[in-house]
Amino acid sequence: MPIAVKPYTEEFIPAVKELNQRLAKGGVSSDFHFPENPLTAWLPKTNGHRTYQEPFIAADGPVVRGGFIVKRQEFFIRGEIQPISFYRLPISEGIINRAYMSVGVHMVRSALQQNPRIFALGMGGMDRPLPQMLKALGWTLTPVPFFFRVNHPAKFLHNIGPLRRHAA
């Protein structure tokens, strides 16, 4: 069956859980599993908000083979406010099963078709699979330096959960 990219709704929750189980069996860290709830806590799509994110799944009939999130927002470019989208958290079963390598391409093409002004960020380096695929599809890739500065150490340490898991 051909891959169909669809909005992620509650009816796909069991299929997304099954995808995540297959990814886990394939050795993929839970950090790289697709959210099992289509309702995002951060920037949900609600009436009146112009900045929001929307999850999509790549379905092979009733089976979910991948998914991604599009964060939609407005930018001020050349004197005009223009809608721009951020392609986030693309997950494809192709990372553990070569039979589904084309799922990633279907997802990118679908996202680009719906969002002509789209970008991706935080891909882990130019040698990673996503930037390599985007380059092959004709995207312009530019390294973006990461600068991180803590202005209020006490507040930072209080709110950064991963650093509070161990005493060290």
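Before reading further, recall that the structure is shown in the block above.
Description of the structure in this document.

Each value, and the rule that gives it
- Residues numbered from 1 in each chain as written.
- Predicted model: local features only at pLDDT ≥ 70, side-chain atom pairs only at ≥ 80, totals over all residues.
- Heavy atoms only, no water.
- Helix = DSSP H or I, 4+ residues; strand = E, 2+ residues; numbered from the N terminus.
- Buried < 20%, exposed > 50% of the residue type's maximum accessible area, 1.4 Å probe, protein only.
- Contact = heavy atoms within 4.5 Å.
- Areas by Shrake-Rupley, 256 points an atom, 1.4 Å probe, with all protein chains shown as cover.
- Lys, Arg positive; Asp, Glu negative; His and termini not counted.
- Charge placed at Lys NZ, Arg CZ, Asp CG, Glu CD.
- Patch = residues over 30% accessible without salt bridge, like charges linked within 9 Å, V, L, I, M, F, W, Y side chains within 5 Å.
- Salt bridge = Lys/Arg side-chain N within 4 Å of Asp/Glu carboxyl O.
- Pairing = 2+ DSSP bridges.

Here we come to the overall build of the protein chain. Helix and strand counts for the protein chain come out as four helices and five strands. Going residue by residue from the N terminus, the α and β elements of the protein chain occur as β-α-β-β-β-α-β-α-α. Across its three principal directions, the C-alpha atoms of the protein chain cover 55 × 50 × 40 Å. Per-residue burial over the protein chain gives 34% buried out of 168 residues. In the protein chain, the share of contacts with a sequence separation of at least 24, taken over all contacts with a separation of at least 6, comes to 51%. Entry remark: accessible area of the protein chain is about 11500 Å², with carbon and sulfur atoms responsible for 56%. Across the protein chain, the mean location of the 20 positive side-chain charges is 7 Å away from that of the 11 negative side-chain charges.

One non-glycine residue, R78, adopts positive backbone phi at about 50 degrees. Mapped onto the secondary structure, R78 falls in the loop between β3 (63-77) and β4 (80-92).

The next point concerns a nonpolar patch on the surface. A cluster of nonpolar residues, F146, F148 and V150, forms a patch on the protein surface that exposes about 360 Å² of accessible area. Position of F146 relative to the elements: it lies in the loop between α3 (129-136) and α4 (153-159). Residue classification places F146 among the exposed residues on the basis of a relative accessible area of 72%.

If you trace the backbone, F32 turns up in the loop between α1 (13-25) and β2 (52-60). F32 gets classed as partly exposed once you look at its relative accessible area, which sits at 49%. Put simply, F32 and V144 are 112 residues apart on the chain and 22 Å apart in space, counted from C-alpha to C-alpha. Setting aside anything within four residues of it in sequence, one finds F32 in contact with L23 and I91.

A few words on the side chain of E54. Here E54 shows up in strand β2. Of the residues examined, E54 reaches a relative accessible area of 15% and is grouped as buried. Excluding residues that lie within four positions of it along the chain, E54 makes contacts with K45, F68, I69, V70 and R72.

Taken as a whole and assessed by the stated rule, the structure comprises six salt bridges. A salt bridge links R22 to E93; its shortest N-O distance comes to 2.9 Å. Here the residue R22 occupies a position in helix α1, and E93 occupies one in the loop between β4 and α2 (102-114), the gap between them amounting to 71 residues. Among the residues examined, R22 registers a relative accessible area of 22% and is labelled partly exposed. Take E93: its relative accessible area is 3%, and that puts it in the buried class. Put simply, E54 and R72 hold a salt bridge, and the shortest N to O gap is 2.8 Å. With a gap of 18 residues between them, E54 in strand β2 and R72 in strand β3 connect regions that are remote in the sequence. Taking the relative accessible area as the measure of exposure, R72 reaches 15% and is therefore buried. Linked through salt bridges whose partners overlap, the residues forming this network are R22, D60, R65 and E93.

Across the nine residues that make up β2, a large majority, nine, are buried. Side chains of β2 alternate between two faces, with Y52, E54, F56, A58 and D60 and Q53, P55, I57 and A59 buried alike. When strand β1 (residues 4-7) meets β2, the two strands line up antiparallel, connected through four bridges. If you follow V5 over to β2, its bridge partner there is A58. Pairing between β2 and β3: nine bridges, direction antiparallel. Each residue of the ladder has a partner; that of Q53, found in β3, is K71. Linkage of β2 to β3, two consecutive antiparallel strands, is achieved through a turn of two residues, within which G61 is found at a positive phi near 70 degrees.

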